[in-house]
Amino acid sequence: MKIFFLFTFSTFFWSPFEQAAASVHYDKILTHSRIRARDQGQNVCALQQVMGTKKKYFSTCRNWYQGAICGKKATVLYECCPGYMKMDGMRGCPAVAPIDHVYGTLGIVGATSTQHYSDISKLRGELEGRGSFTFFAPSSEAWEQLNSEIHRNLIDNVNIELYSALHHHMVNKRMLTKDLKNGMTLVSMYNDQKLLINHYPNGVVTVNCARVIYGNQIATNGVVHVIDRVLTAVGNTIQDFIEVEDDLSSLRAAAITSDVLDILGKPGHYTLFAPTNEAFERLPRGLLERIMGDKVASEALVKFHILNTLQCSEAITGGAAYETLEGNTVEVGCDGESLTVNGVKMVKRKDIVTSNGVIHLIDEVLIPDSAKQVTELGGAQQTTFTDLMIQLGLASSLRPEGQYTLLVPLNGAFSDDTLRMDQRRLKTILQNHIINVKVGLNELYNGQELETIGGKLLRVFLYRTAVCIENSCMVRGSKEGRNGFIHILRQIINPAEKTLHEMLRNDKRFSVFLSLVKAADLDDVLSQPGKWTLFVPTNDAFKGLTDDDKDILIRDKNALRNILLYHLTQGVFIGSGFEPGVTNILKTIQGGKLYLKTVNDTLLINELKSRESDLMATNGVIHVIDKLLYPADLPVGNDQLLTILKKLIKYIQIKFVRGSAFKEIPLTFYNPSITQLTKLIEGEPEFKIVREGETITKVIHGGPEIKYTRITAGGSDNEEKLKKLLEDEVTKVTKFIEGDGHLLEDEEIKRLLQGAGTEYTKVTKVIEGEPQIIEREIKKVHLEEAPVRKEQPTRRTQGGTARRRTRLAYP
């Protein structure tokens, strides 16, 4: 019972502390190291040591499974976890390390050089005495790596210099790693000098950028943390360092010009990648002068070298992206002992610690996209386009103060045949990739039209995982520069020039399909404006089709339309706009479904390969196939038709249900019917008594429109008569609109009016605008009812000449 109570009490008592410790990165990583080494016995931790060095780490999962740190292979070591020790003849680390005062603990953790220097500097008595201290003790290797001149000065003056230096490593209270919060500042026991603490997500804890390599060794009068370098006094601010460092005079000038230097004098936790004068000298003179002459660009340049977080070199064990004050990110990583920025070894000197951050000197200037001209944004995969821009004089025509969007194809999009083209034609192609406005990726929307400097209109198509412009879809890599955006495309853009019908008519491969389209009266569908995707079988798909077979197909117009309209869908679907490997279901105009997906950059339609994709038309897109498509669930009820379809379609089993018929598909899907509208004219009606034969002329302002008005007469006989006249007139007008080409002549109008009775007169309205339409109306004066008009949507006639139409109207 007593044992149970003690266990329960200890669990209750320690769990809050364990939870607090678990919330700290260092302790989490240490816990993981214990788990990895559990097969080695109790209290054993697994570490990684970089091959060829003495650097050891309690590793993150990422480094552990990569088996490398900073790109260098790491071996696995098993050691006693901090606070434990081995016992002879026993597995693991079963014993707790003895607890001694701080001076004795220095020997326990192997910091023998620090222990020795504490002895000769007369610090030993303080370390053995009463108090509660935190000692950041340099390892023996750290003292060996110290600058020889500094080391010699310390040894030559042990009572003052060495004593003060050791005091600089001490804090007058006990601080475990869980107490060392990221960004906190401690006051050392030497002259109240600052110690900057950073506690990183990868478990690394630093003090003035020195890494804690062995932490939390408890002493009777404090705690000892072993660190990997000797601490030096923290200087003033980053601004102070820049102002006195001769090798940073170019950076200083840029920071003053852009009003950024003052920021680096304020409190904070900054990291500055500071380019040396030599780095600035290597920049092209014209580029540097342009940036320095543009305050916005120069400010972006300087801020791109500053992180709003403090990144010590020892905390970087792999690549990570960090946001700069400019707003974009830089990739900071390591390669062995070297720091890298955006994958390049450029750090000459690292970890210059100041009161508000750290400085790393670099030998290259980092130029952000926001300081570049749009023509300078292209990367290694877009050099063909940018080189052609320069050769053809297009780059120089883009003004620095202008606003542009470049649609840049990858290098592989330019074939040898394209590059051998006449330069005028090649220039036209490139002009079709330059937009005269600045359009970011998040400003693009489906159906948007972008006008190029060549005068072409390019359509934007948005899909679930892709943005396409005409036939070409974007890849990752859009960038914004000082005067524009670039978007990276897979292919060269081919602006549409012809309708779907014109494209079929001009390509002999589609002659059979086109003849069937004509026979099904579907020419207009493919000729009129719209947004269609058409899957077009080549003539090869109709091999074996005899003239008799074709006649049978044509005679059954419903069947023919069902077959053809299964190849047509509403909307423009670009092949590379589909998410790879995922089936996309499209509903056809026929009503059936098509199943599309892309595999290895090839478009599959119902598992049939498209031989050529993304042929752009002004009213849609064509995907070429070599087989006729047919809905698998659509039965055939005619023996002759079944025989014909079996000749053409062998990849599916066609259903046969005797007597079944194809549904009729009206053409309203592309030519919506006119809806009759009734408009009530507000206000008091205007009446005028006229004599028989008198003409009233009224000018109506606005575009031409056709109005049909129901007439209400006094008696039923008159009403029937008027209704008949109205129907006759509307029929004739409708006939003309649908292409008869015949307008009623004056004599016909007179004959029409003769049966209307003497109470009707002629009214002529002239509609201004193009085209002019002169309408003759028959009017009955009826004083007892308010005027009501019914209108139908405007229907335009071809040509610009004035035409006459006659109709009945009641005012």
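Figured I'd write up the structure that's included with this text. Please read these numbers as outputs of a predicted model, since none were measured by experiment.

Comments concerning the state of the cysteines
Inspection of the entire model under this criterion finds 5 disulfides. A sulfur-sulfur distance of 2.0 Å marks the disulfide that ties C45 to C81. Here C45 and C81 share a disulfide; its torsion about the S-S bond, 105°, makes the bridge right-handed. Here the residue C45 occupies a position in strand β1 (residues 44-50), and C81 occupies one in the loop between β4 (72-80) and β5 (84-85), the gap between them amounting to 36 residues. Since its relative accessible area comes to 0%, C45 is described here as buried. Classification of C81 by relative accessible area gives buried; the value is 1%. Each sulfur of the disulfide joining C209 and C312 lies 2.1 Å from the other. Around the S-S axis, the bridge from C209 to C312 shows a dihedral of about -70° and counts as left-handed. Taken as a pair, C209 in the loop between β11 (205-207) and β12 (210-219) and C312 in the loop between β15 (306-307) and β16 (320-323) lie far apart in primary sequence, 103 residues in all. Classification of C209 as buried rests on a relative accessible area of 3%. Overall, the relative accessible area of 0% leaves C312 in the buried class.

A short note on the packing of helix α22 (residues 547-555) against helix α24 (residues 639-648)
Put simply, α22 and α24 touch, their axes get as near as 10 Å, and they point 120° apart. When the axis of α22 is compared with that of α24, the two are oblique. α24 is crossed by α22, and the crossing has left-handed handedness. Across from D549, I552 and L553 in α22, the residues of α24 making contact are Q640, L641, I644 and K647.

Observations concerning the sheet that holds strand β13 (residues 222-227)
Strands in a sheet are paired, the pairing made by backbone hydrogen bonds, and the direction either parallel or antiparallel. Spatially, β8-β7-β13-β12-β11-β10-β9 is the arrangement adopted by the 7 strands of the open sheet, whose pairing is mixed. Each of the sheet's edge strands pairs with one partner strand only, and the pair in question is β8 (170-171) and β9 (185-187). Direction of pairing for strand β7 (residues 133-138) relative to β13: parallel, over a ladder of 6 bridges. If you follow P138 over to β13, its bridge partner there is I227.

Considerations on the side chain of K55
Topologically, K55 is positioned in the loop between β1 and β2 (56-57). Here the side chain of K55 touches E314 through a polar contact of 3.2 Å, side chain to side chain. If sequence neighbours within four positions are ignored, K55 has contacts with Q48, Q49, V50, E314 and E337.

Details of the side chain of N606
Looking at where N606 falls in the secondary structure, it is placed in the loop between β33 (602-605) and β34 (608-609). Classification of N606 by relative accessible area gives buried; the value is 18%. At a separation of 3.1 Å, a polar atom in the side chain of N606 contacts the side chain of Y566. Those residues in contact with N606 that sit more than four places away from it in its chain are Y566, K593, L594 and Y595.

Structural notes on the sheet that holds strand β19 (residues 344-345)
Spatially, the 4 strands line up as an open sheet ordered β16-β17-β18-β19, and their pairing is antiparallel. Across the chains shown, the open sheet's two edge strands, defined by having one partner strand only, are β16 and β19. Where strand β18 (residues 338-341) lies against β19, 2 bridges are found, and the strand directions are antiparallel. Paired with T340 across the strands is K345, a residue of β19.

Details of unusual backbone geometry
Negative phi is the rule for most residues except glycine; trans is the rule for most peptide bonds. With a phi angle near 50°, N208 is a residue other than glycine that sits in the positive phi range. With respect to the helices, strands and loops of the structure, N208 is situated in the loop between β11 and β12. Here N208 falls in the buried class, since its relative accessible area comes to 6%. Non-glycine residue N342 carries a positive phi angle of around 50°. For N342, the position within the fold is in the loop between β18 and β19.

Notes on the environment of G41
Relative to the helices and strands, G41 resides in the loop between α2 (25-36) and β1. It is 5.8 Å that separates the C-alpha atoms of G41 and R91, two residues lying 50 residues apart in sequence. When near neighbours in sequence (up to four residues on either side) are disregarded, G41 contacts R91 and G92.

Observations concerning the pattern of salt bridges
The full count for this structure, using the stated rule, is 34 salt bridges. With a shortest N-O distance of 3.2 Å, E314 and K55 are connected by a salt bridge. Separated by 259 residues along the polypeptide, E314 in the loop between β15 and β16 and K55 in the loop between β1 and β2 bring together distant segments of the chain. In this pair, the class of E314 matches that of K55, namely buried.

About the criteria used
Residues numbered from 1 in each chain as written. Predicted model: local features only at pLDDT ≥ 70, side-chain atom pairs only at ≥ 80, totals over all residues. Heavy atoms only, no water. Disulfide = S-S within 2.5 Å. Helix = DSSP H or I, 4+ residues; strand = E, 2+ residues; numbered from the N terminus. Buried < 20%, exposed > 50% of the residue type's maximum accessible area, 1.4 Å probe, protein only. Axes fitted to C-alpha atoms, helices over the stretch in contact; angles between N-to-C directions. Parallel < 35°, antiparallel > 145°, perpendicular 65-115°, else oblique. Left-handed = near helix turned anticlockwise from the far one by under 90°. Contact = heavy atoms within 4.5 Å. Pairing = 2+ DSSP bridges. Polar contact = N/O pair within 3.5 Å; in protein donor to acceptor, adjacent residues only side chain to side chain. Salt bridge = Lys/Arg side-chain N within 4 Å of Asp/Glu carboxyl O.

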